[in-house]
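Topology and contacts: notes
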Protein chains: 2
Amino acid sequence: MAEGYLKGRIRREDIITTAVSVYAEAGYHGSSLREIARRSGITHAGLLYYFPTKEALLAAVLERRDSEDTEREHLAVPPGLDALRHLIALAAHNVQHPGIVDVYARLAAEAVAAEHPAHDYFERHYKMARDYAVASFQVLAERGELRPGVDPAYAGLNLVALMDGLQVQWLSGGGAVDLVGALRSYLESLLAVPLG
Amino acid sequence: MAEGYLKGRIRREDIITTAVSVYAEAGYHGSSLREIARRSGITHAGLLYYFPTKEALLAAVLERRDSEDTEREHLAVPPGLDALRHLIALAAHNVQHPGIVDVYARLAAEAVAAEHPAHDYFERHYKMARDYAVASFQVLAERGELRPGVDPAYAGLNLVALMDGLQVQWLSGGGAVDLVGALRSYLESLLAVPLG
DNA sequence: CCTACCGATCGGTAGG
DNA sequence: CCTACCGATCGGTAGG
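Residues numbered from 1 in each chain as written. Chains lettered and ligands numbered in written order. Predicted model: local features only at pLDDT ≥ 70, side-chain atom pairs only at ≥ 80, totals over all residues. Heavy atoms only, no water.

1. Regarding the overall build of chain A
The secondary structure content of chain A amounts to 9 helices and 0 strands. For chain A, the C-alpha atoms occupy an extent of roughly 60 × 40 × 30 Å along the three principal directions. Going through the 196 residues of chain A one by one, you find that 51% of them count as buried. The contacts of chain A with a sequence gap of at least 6 include a subset with a gap of at least 24, amounting to 67%. For chain A, the distance from the average site of its 19 positive side-chain charges to the average site of its 25 negative ones is 5 Å. (Helix = DSSP H or I, 4+ residues; strand = E, 2+ residues; numbered from the N terminus. Buried < 20%, exposed > 50% of the residue type's maximum accessible area, 1.4 Å probe, protein only. Contact = heavy atoms within 4.5 Å. Lys, Arg positive; Asp, Glu negative; His and termini not counted. Charge placed at Lys NZ, Arg CZ, Asp CG, Glu CD.)

Below, the structure written as structure tokens:
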């Protein structure tokens, strides 16, 4: 009896996974429910049984990403030098999973438009990332671990922007871009202490 | 007699201008020839008289941008400190024209996919920008104007990535992001001499 | 979950 | 440049 529910939950997760890879290929607007359904082994009407609209599926994709980030306890590291090290580790992890990076880079760009269904999600996401980065540089500044003259507010904003921009070039360039090295290089140019 | 040709040329330019603003709202894939035609005051079949395919119109949009950049003699400034100053001026110019920034930021993200008709265009564009930035930092390094320990190759890659990422956040954030200030801050953290 | 369908919209063509 | 059309595809619904 609970089996019915379990199968449904698994099916839902399958569909979300498939959606992520289709979004990665065609973007959100360029993806059709029929294509996602086909790769999931059901009809598009069947897909709409699980997710009543195209937007509901997108929301589920974004929700899953948030819960994965939370699982990884991304934000459990307090702002500071360790947070920056953790960010490099996260970048190194992402480099092993280009498909995922691709989805979110494309979605973020599509969602620049205020009417895009993921617009608010990314606005919140950027603000959180920025606040966290700025707080980290502020902690460094207080401890004298920041090079003199470096503004924590700009350094934080630039860190988030840099990660985004590097991802696009790394995705586009087919391996010619050393994402992690570039990120380390940026951070080292701001720090008065070794990054380790 | 030449009037017919002139009118055609004007019409073509009108259509390209309209296409730019529709791309800015909906991206390339999300834009329809019918919508671009409607705003240009013709039917979509009429538009196809001037641009035989959807891709041909995209190509015309990108071509125009290149010729505008060339007109501005973007690349006439030799690599070096002046080139970086010129880049800041270009960013300040772009901040006055969010619509144009929007189109190219969205197109660049869409074109990450290798099958996208603008993929090759952006790949070339990125490579040129990167080479130019790296060359500038190399010139600075030779003149001792770069802070010791700064790698010109990473600094150049990061400069291009940073500009891209800042544009996305600036577009998305609705004015909360100081793009030009952030760019200056990045450059100043790398230089051993004042940027002026 | 499926079959069967809807109205809307798409890029492109014919033929003038 | 337009009218008129094509085949394909879209998201979503009805009804089981």
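2. Topic: the UniProt feature "DNA-binding region" (unreviewed entry) in chain A
As annotated by UniProt and renumbered to match this structure, "DNA-binding region" (unreviewed entry) occupies residues 32–51 of chain A. Secondary structure over residues 32–51 of chain A splits into 75% helix and 0% strand, and the C-alpha atoms at its two ends are 13 Å apart. (UniProt positions renumbered as here; feature names shortened; annotations may be inferred.)

3. Comments concerning the environment of Gly 196 of chain A
All names here are of chain A. Within the element layout of this structure, Gly 196 appears in the segment after helix H9 (179–188). Judged by its relative accessible area of 81%, Gly 196 falls in the exposed class. Distance from Gly 196 to Leu 81, taken between C-alpha atoms, is 10.0 Å for residues 115 residues apart in sequence.

4. Considerations on the UniProt feature "domain: HTH tetR-type" (unreviewed entry) in chain A
Per the UniProt annotation, the sites labelled "domain: HTH tetR-type" (unreviewed entry) are residues 9–69 of chain A. This span, residues 9–69 of chain A, is 80% helix and 0% strand, and a straight line between its end C-alpha atoms measures 20 Å.

5. A short note on the relation of the copies chain A and chain B
Between the two chain copies there is a screw-like relation: a rotation about an axis and a shift along it. Mapping chain A onto chain B is achieved by rotating through 180° and translating by 0.0 Å along the same axis, at an RMSD of 0.0 Å. Those values place the two copies in the arrangement expected of a two-fold rotation axis. Both copies present the same face, since 97% of the interface residues in chain A are matched by interface residues at the equivalent positions in chain B. (Least-squares fit on C-alpha atoms with pLDDT ≥ 70 in both.)

6. Concerning the interface of chain A and chain B
Across the contact, 35 residues belong to chain A and 34 residues belong to chain B. The junction of chain A with chain B conceals about 3100 Å² of combined surface from both sides, 59% of it contributed by carbon and sulfur atoms. Where chain A touches chain B, the interface holds 10 residue pairs in polar contact (both at pLDDT 80 or more). Among the secondary structure elements, those contributing two or more residues to the side of chain A that touches chain B are helix H6 (98–110), helix H7 (119–142), helix H8 (152–173) and H9 of chain A. (Buried area = accessible area lost by both parts, 1.4 Å probe. Polar contact = N/O pair within 3.5 Å; in protein donor to acceptor, adjacent residues only side chain to side chain.)

7. Structural notes on the protein's contact with DNA strand D
The environment of DNA strand D is formed by 17 residues, the closest being Arg 34, His 44 and Lys 54 of chain A together with Arg 11 and Tyr 49 of chain B. A share of 50% is what sugar and phosphate atoms reach among the atoms of DNA strand D within 4 Å of the protein. The contact in question runs from a base nitrogen of DNA strand D to an N or O atom on the side chain of His 44 of chain A, over 2.8 Å. Between Thr 43 of chain B and DNA strand D, the recorded distance is 2.9 Å, taken from a side-chain N or O atom to a phosphate oxygen. Where the surface near DNA strand D is concerned, the elements lending two or more residues are helix H2 (33–40) and helix H3 (44–50) of chain A together with helix H3 (44–50) of chain B. For the surface near DNA strand D, the element with the highest residue contribution is H3 of chain B, accounting for 4 residues. Classifying every residue of the surface near DNA strand D gives 7 nonpolar, 6 polar and 4 charged. (Near = heavy atom within 4 Å. Nonpolar A, V, L, I, M, F, W, Y, C, P; charged D, E, K, R; others polar.)

8. Things to note about the protein's contact with DNA strand C
Lining the immediate environment of DNA strand C, one finds 17 residues, of which Arg 11 and Tyr 49 of chain A together with Arg 34, His 44 and Lys 54 of chain B sit closest. Within 4 Å of the protein, atoms of DNA strand C come from sugar and phosphate in 50% of cases. Leu 33 of chain B places a polar main-chain atom, nitrogen or oxygen, 3.0 Å from a phosphate oxygen of DNA strand C. The separation between a base nitrogen of DNA strand C and a polar side-chain atom of Arg 34 of chain B is 2.6 Å. Broken down by secondary-structure element, the contributors of at least two residues to the surface near DNA strand C are H3 of chain A together with helix H2 (33–40) and H3 of chain B. Here the surface near DNA strand C gets 4 residues from one element, more than from any other, and that element is H3 of chain A. Across the surface near DNA strand C, the residue classes tally to 7 nonpolar, 6 polar and 4 charged.

9. Considerations on the environment of Glu 68 of chain A
All names here are of chain A. Structurally, Glu 68 is set in helix H4 (residues 54–71). Overall, the relative accessible area of 32% leaves Glu 68 in the partly exposed class. Sequence separation of Glu 68 and Tyr 50 is 18 residues, and the distance between their C-alpha atoms is 21 Å.

10. Here we look at the side chain of Ser 172 of chain B
If you trace the backbone, Ser 172 of chain B turns up in helix H8 (residues 152–173). A residue is classified by how much of its surface remains accessible, and Ser 172 of chain B, at 10% relative accessible area, is buried.

11. Thoughts on the packing of aromatic side chains
Inspection of the entire model under this criterion finds 7 aromatic pairs over all chains. On the basis of an interplanar angle of 80° and a centroid distance of 5.7 Å, the ring pair of Tyr 23 of chain A and Tyr 28 of chain A is categorised as edge-to-face. The class for Tyr 23 of chain A is buried, based on a relative accessible area of 1%. The class of Tyr 28 of chain A is buried, set by a relative accessible area of 4%. With a centroid separation of 4.9 Å and an interplanar angle of 80°, the aromatic rings of Tyr 49 of chain B and Tyr 50 of chain B are classed as edge-to-face. On the basis of relative accessible area, Tyr 49 of chain B is assigned to the exposed category, the value being 67%. The class of Tyr 50 of chain B is partly exposed, set by a relative accessible area of 23%. Here the guanidinium or amino end of Lys 54 of chain A rests over the ring plane of Tyr 28 of chain A, the centre of that ring lying 4.8 Å away. (Phe/Tyr/Trp six-rings, centres within 6.5 Å; stacked < 30°, edge-to-face > 60°. Lys NZ or Arg CZ within 6 Å of the ring centre and 35° of its normal.)

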